[in-house]
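# Commentary on secondary and tertiary structure
Here's the letter readout for the chains.
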Amino acid sequence: MAVGSAAGAIGAGFSLAVWVVILLVGPPLERRTMANARAAEQAAQRLVPPS
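In this report, we go over the structure that sits alongside the text. Given the structure is predicted, the values throughout are model-derived calculations rather than measurements.

## Regarding the overall build of the chain
A tally of regular secondary structure across the chain gives one helix and zero strands. A compact globule built from 51 residues would reach a C-alpha radius of gyration of about 10 Å, whereas the chain, at 22 Å, exceeds it by more than 25%. For the C-alpha atoms alone, the extent of the chain along its principal axes is close to 75 × 15 × 10 Å. Taking all 51 residues of the chain together, the buried fraction comes to 0%.

Below is the structure:
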């Protein structure tokens, strides 16, 4: 029983650590991705001649 509880606690701790990393790293990474996408779209629009 103690082994099962220890394994469960380790699993819960790992899951908590993963969620903390996702919540801390996710928003800045998304902002950077969106900024890169906007820059790429603007660069592509400059390459297209006006009609």
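## Focus: a nonpolar patch on the surface
A cluster of nonpolar side chains, namely Leu16, Val20, Val21, Leu24, Val25 and Leu29, defines an oily patch on the protein surface of about 550 Å² accessible area. Within the secondary structure, valine 21 is located in helix α1 (residues 2-47). Looking at valine 21, the relative accessible area reads 48%, which means it is partly exposed.

## Some words on the environment of arginine 38
Looking at where arginine 38 falls in the secondary structure, it is placed in helix α1. Along the primary structure arginine 38 and alanine 9 are separated by 29 residues, whereas in three dimensions their C-alpha atoms are 43 Å apart.

The rules we used
- Residues numbered from 1 in each chain as written.
- Predicted model: local features only at pLDDT ≥ 70, side-chain atom pairs only at ≥ 80, totals over all residues.
- Heavy atoms only, no water.
- Helix = DSSP H or I, 4+ residues; strand = E, 2+ residues; numbered from the N terminus.
- Rg over C-alpha atoms; globule rule 2.2 N^0.38 Å.
- Buried < 20%, exposed > 50% of the residue type's maximum accessible area, 1.4 Å probe, protein only.
- Patch = residues over 30% accessible without salt bridge, like charges linked within 9 Å, V, L, I, M, F, W, Y side chains within 5 Å.
- Areas by Shrake-Rupley, 256 points an atom, 1.4 Å probe, with all protein chains shown as cover.
- Salt bridge = Lys/Arg side-chain N within 4 Å of Asp/Glu carboxyl O.

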